[in-house]
Protein chains: 2
Amino acid sequence: MKMQAPPGMRDFYPEEMRFQNWLFDAWRRVSRAFAFEEIDGPIFEHLDLYKKKSGEGIVSELFSFQDRGGRELAIRPEMTPTVARMLAARASSLPRPVKWFTIARMCRAEKPQRGRLREFFQWNCETFGEAGPLADAEQIAMLAALLREIGLGPDDVNIRISHRALAASLLQAEGVRPERTALAFQKLDRLEKWDSDADFARDWNAQLGADARAERVLALLRETSEEACLTRCESAGEEGARVAADLRRLREHLDALGAADYCRFDLRIVRGLAYYTGTVFEAHGRAGELRAVAGGGRYDELVELLGGPATPAIGFAMGDCVIAELLRELDRAPRLAESLDVYVIDADEALFPDALRLVADLRRQRLAVGFSYKRAAVSKQFKLAAARGARFAVVVGQELRAAGQAQVKDLTTGEQRSVRVADLRTDARAFAPRPDPKAGP
Amino acid sequence: MKMQAPPGMRDFYPEEMRFQNWLFDAWRRVSRAFAFEEIDGPIFEHLDLYKKKSGEGIVSELFSFQDRGGRELAIRPEMTPTVARMLAARASSLPRPVKWFTIARMCRAEKPQRGRLREFFQWNCETFGEAGPLADAEQIAMLAALLREIGLGPDDVNIRISHRALAASLLQAEGVRPERTALAFQKLDRLEKWDSDADFARDWNAQLGADARAERVLALLRETSEEACLTRCESAGEEGARVAADLRRLREHLDALGAADYCRFDLRIVRGLAYYTGTVFEAHGRAGELRAVAGGGRYDELVELLGGPATPAIGFAMGDCVIAELLRELDRAPRLAESLDVYVIDADEALFPDALRLVADLRRQRLAVGFSYKRAAVSKQFKLAAARGARFAVVVGQELRAAGQAQVKDLTTGEQRSVRVADLRTDARAFAPRPDPKAGP
């Protein structure tokens, strides 16, 4: 038998699972604070859904199969098609704006490599039905809030923001023909992948040099301030003025929402996918070696492409793998040990049924309670309690028969006292959890 | 485009997702109270893993496919093979007992029907490394605790318990040859599927009538009390005496663990799968029409079969579909509406940036906070707050500029008061959640 998971797939033992749940809880907590509602879709969809959005080329990146009815199906490689499909199916009845998030498992048939597995989880947030920059600002602020929630400040990660129409307008002013803008975006999206500017320039100039030389484009990307970009955009007709005004308002909203410290304008951010139409953004660890930890943008045409009504939309996603690597690299991953509230110890085998009764009563009060399956010496049971990270031990001994009492020992402080067992059975305050310094009010 | 999920697959809109999360939270809460640790494995495994456990026949029930490396893979149809594989891979280093649970998505290539979908979620609990009846009792008590946690009492659901070795011993005493016991178990597992006893008897007698007539078997199953079964078993040699003693201790432990009110002995429970070796149990809604809401048993030989060391094991699983139907049938499904803690309203468009700043401050305190993307009359914004289930509204008006104050309105009681905004920014106690009558201490 193969004792391992298939290549690129992960087993989550308790230690790894605690990290997953810690991350998922943070995703969920921040999403709810921002008044997003959780949804989910099926683990596989009709293969056509992905072809429709991304073209035939996508098929080689998917795990696809047929069911016995001959339907072509594929394990989901991303959530946006599912979410857009679900939105389209109820577009007429859902009150706008629709703010949805998912915490979803998905698979891609990639060659496994660092930060890129065949199976991963993704936090995916989408806002439908609002075209203005307030929706964009709220999404970016939510991403910033998540980073802050998991302990990553603006010195650790920044969010780079640009706008497809702004970039297109500036590129076209440099000479890129409108019909070649999509190709130019693809090149720019891969800019950081080249070893040197010279390599990028050779590639760009071979295909786009007749429109605009790479050297000029690089100077534009790297040397033009946000204000200069906006001013140039404002002079590029009515559409340019509208885009620039939206970007100015986006900046104001990000400031009011307390996210400005994470954000900076960066014309190099264009995102690879063809369907983005407006604001685009990516979060990058300042360590730099890793890929973007999150990315997204406005895609006002996708819902219609997938068969729904015209619907403005913006969304972003964060995967679990890259952010986990970044946290480890910065030594910010939380240390999450197993922990029990109480470990019940029997000092006398004859009292074991009484100990079990106390176990059940405490569990009914939602305390995490352990005990030993084997009858053993009290000292051995204390060791087991410590090994399981128990905060309190309760020793059920002859005192129970004599006075209805048991010894409660705080395993952190060593403090010990007698407590009436009848009180423990109905009132777990004796085992109040340690105040969590990270918990909210 | 196909606007729907593939057949047998579900879309979880916010309303359905709230139910899923409510159920998953209950599964997780009870598991943790019982000191089980959460794990997970990959969504697909090597196809061989399932063949090894269940034989070639299983393949037709799976969604299987090849990756580009030619590996035969299948979406997981159950968790036990994955969990047993993970246990086997670390069997030598994990301290015993190992108590693991999963809340896992899985798929079976079934014809979709009521309570049986192609994709479902399952709570799966396994205990490894403990052969005695205490592990069995704790698992059954955990199942009972979950039922109680979701509002189902012993009048709604009971847990029927039997033992493979006990049933084998009694059937063999009736004349069933040892090598035909597995076939007899298969027949018994399907007993309730027949329209009448006569239909069952015809089927049984055709294959097993030469060993023991169906009529005698039915009488044994239905008319023999637990005590009579145990007494007969005790007289069937050393092994019989051991089984009977374990069952008596199981009963005592279930009593001490406060689960006895849910439990009853039922010789008809044998479970379909071949690999069970000892205690077997199923939870059934008393309404009766539905299949078992949960089931499991002891399988002391499976880890070894899958390539690990000999390891006693017991586990059970509960799917999300049947329990959801039962809750709906009994009108016990919770009513879970969207709810926000606070809705921030601007009484004056000029104050909107201040309103946004307050939104951000409250969200940082982990409150769920909504606001309108569109600037609108205060009355309209109050309507939006109510539509989103907000508990409080905060109206940011001229009072802010004049006195640093805002109006806080409790949307449940209608009570309204002025509050210093500086206080709200750092102290969310003004919006303390309503006490949840179901919450623990």
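Draft legend 1. A look at the side chain of R105(B). Residue position: R105(B) is located in strand β5 (residues 98-107). From its side chain, R105(B) meets the backbone oxygen of G41(A) in a polar contact 3.4 Å long. Within the local environment of R105(B), its side chain forms a polar contact with the side chain of E119(B), the two groups lying 2.5 Å apart. Discounting residues that sit within four places of it in the chain, R105(B) has contacts with D40(A), G41(A), P42(A), I43(A), R76(A), I43(B), R76(B), E119(B), F120(B) and F121(B).

Draft legend 2. Up close: the interface of chain B and chain A. On the side of chain A, 99 residues touch chain B, which itself brings 97 residues to the contact. In this assembly, chain B packs against chain A so that about 8500 Å² is buried in total across both faces, 58% of it on carbon and sulfur atoms. Counting across the chain B and chain A interface gives 14 salt bridges. With a closest N to O distance of 2.6 Å, E130(A) and K374(B) form a salt bridge. For the interface between chain B and chain A, the tally reads 38 residue pairs in polar contact (both at pLDDT 80 or more). For the side of chain B that touches chain A, the element with the highest residue contribution is helix α1 (residues 14-33) of chain B, accounting for 9 residues. For the side of chain B that touches chain A, the per-class residue count stands at 47 nonpolar, 13 polar and 37 charged.

Draft legend 3. Summary view of the relation of the copies chain B and chain A. By a simple turn and slide, chain B fits onto chain A: the slide is 0.0 Å along the axis, the RMSD is 0.0 Å, and the turn is 180 degrees. Overall, the copies show the geometry of a two-fold rotation axis. Minimal C-alpha distance to the rotation axis in chain B is attained by F65(B), lying at 2.9 Å.

Draft legend 4. Just helix α1 (residues 14-33) of chain A, in detail. All names here are of chain A. Over its 20 residues, α1 runs 28 Å from end to end, which matches the ideal 28 Å to within 8%, given 1.5 Å per residue. Taking burial as the measure, the 20 residues of α1 include 14 buried ones, the bulk of the element. One or two positions beyond α1, positive phi appears at A35, with a value near 65 degrees.

Draft legend 5. Structural context of the confidence of the model for chain A. In this model, chain A carries a mean pLDDT of 92, and residues with pLDDT of at least 70 account for 96%. Here the complex is predicted with pTM 0.95, and the ipTM for its interfaces comes to 0.94.

Draft legend 6. Focus on the pattern of salt bridges. Counted according to the given criterion, the structure contains 98 salt bridges over all chains. A salt bridge links R85(B) to E45(B); the nearest nitrogen and oxygen atoms lie 2.9 Å apart. In this pair, R85(B) sits in helix α3 (residues 80-89) while E45(B) sits in strand β2 (residues 44-46), placing the two residues 40 residues apart along the sequence. The exposure classification of R85(B) matches that of E45(B), with both residues buried. Within the structure, one salt-bridge network assembled from shared partners comprises E226(A), E227(A), E234(A), R248(A) and R251(A).

Draft legend 7. Expanded view of the side chain of K53(A). Residues and elements named next belong to chain A. Positionally, K53 belongs in helix α2 (residues 47-54). You can call K53 buried: its relative accessible area is 10%. K53 has contacts with E78, P81, L273, Y275, L302, L305 and L306, leaving out every residue within four places of it along the chain.

Draft legend 8. Looking closely at the sheet that holds β5(B). All names here are of chain B. Across the sheet, 8 strands lie side by side as β1-β5-β6-β11-β10-β9-β7-β8; this open sheet has mixed pairing. This sheet does not close on itself; its edge strands, each paired only once, are β1 (37-38) and β8 (263-265). Of the pairings in the sheet, the one linking β1 to β5 comprises 2 bridges and is parallel in character. When the sheet's bridge partners are listed, E37 is paired in β5 with W100.

Draft legend 9. Region of the structure containing unusual backbone geometry. All names here are of chain A. For the bond from R96 to P97, the omega torsion is -10 degrees, close enough to zero to count as cis. Note that P97 resides in the loop between α3 (80-89) and β5 (98-107). Residue A35 is not a glycine yet carries a positive backbone phi of 65 degrees. Here A35 is to be found in the loop between α1 and β1 (37-38). The class of A35 is buried, set by a relative accessible area of 3%. We note that R366 has phi near 70 degrees; this positive angle belongs to a residue other than glycine.

Draft legend 10. Region of interest: helix α5 (residues 164-174) of chain A. All names here are of chain A. α5 sits mainly inside the fold: 8 of its 11 residues count as buried. Taken as a whole, α5 has its buried residues at R164, L166, A167, A168, S169, L170, L171 and E174. Positive backbone phi, at 120 degrees, marks G175, one or two positions downstream of α5.

Draft legend 11. A look at the packing of aromatic side chains. Enumeration over the complete set of coordinates arrives at 37 aromatic pairs over all chains. Seen in terms of ring centroids, Y275(B) and Y276(B) are 5.1 Å apart; in terms of plane orientation they differ by 35 degrees. Their pairing is tilted. Over the aromatic face of F34(A) sits the side chain of R363(B), whose NZ or CZ is 4.2 Å from the ring centroid. For R375(B), the ring lying beneath its charged end belongs to F352(B), and the centroid distance is 3.7 Å.

Draft legend 12. Structural context of the sheet that holds strand β4 (residues 72-75) of chain A. Residue and element names in this part refer to chain A. With antiparallel pairing, 3 strands are arranged side by side in an open sheet as β2-β4-β3. Each end of this open sheet is capped by a strand with a single partner; those strands are β2 (44-46) and β3 (64-66). Shown here is a sheet whose adjacent strand axes are inclined to one another by a mean of 35 degrees, direction ignored. Contacts from α2 reach β2, β3 and β4, with the element oriented near 70 degrees to β2.

Criteria and cut-off values
- Residues numbered from 1 in each chain as written.
- Chains lettered and ligands numbered in written order.
- Predicted model: local features only at pLDDT ≥ 70, side-chain atom pairs only at ≥ 80, totals over all residues.
- Heavy atoms only, no water.
- Helix = DSSP H or I, 4+ residues; strand = E, 2+ residues; numbered from the N terminus.
- Polar contact = N/O pair within 3.5 Å; in protein donor to acceptor, adjacent residues only side chain to side chain.
- Contact = heavy atoms within 4.5 Å.
- Buried area = accessible area lost by both parts, 1.4 Å probe.
- Salt bridge = Lys/Arg side-chain N within 4 Å of Asp/Glu carboxyl O.
- Nonpolar A, V, L, I, M, F, W, Y, C, P; charged D, E, K, R; others polar.
- Least-squares fit on C-alpha atoms with pLDDT ≥ 70 in both.
- Expected span 1.5 Å × (residues − 1).
- Buried < 20%, exposed > 50% of the residue type's maximum accessible area, 1.4 Å probe, protein only.
- pLDDT = per-residue confidence, 0-100.
- Pairing = 2+ DSSP bridges.
- Phe/Tyr/Trp six-rings, centres within 6.5 Å; stacked < 30°, edge-to-face > 60°.
- Lys NZ or Arg CZ within 6 Å of the ring centre and 35° of its normal.
- Axes fitted to C-alpha atoms, helices over the stretch in contact; angles between N-to-C directions.

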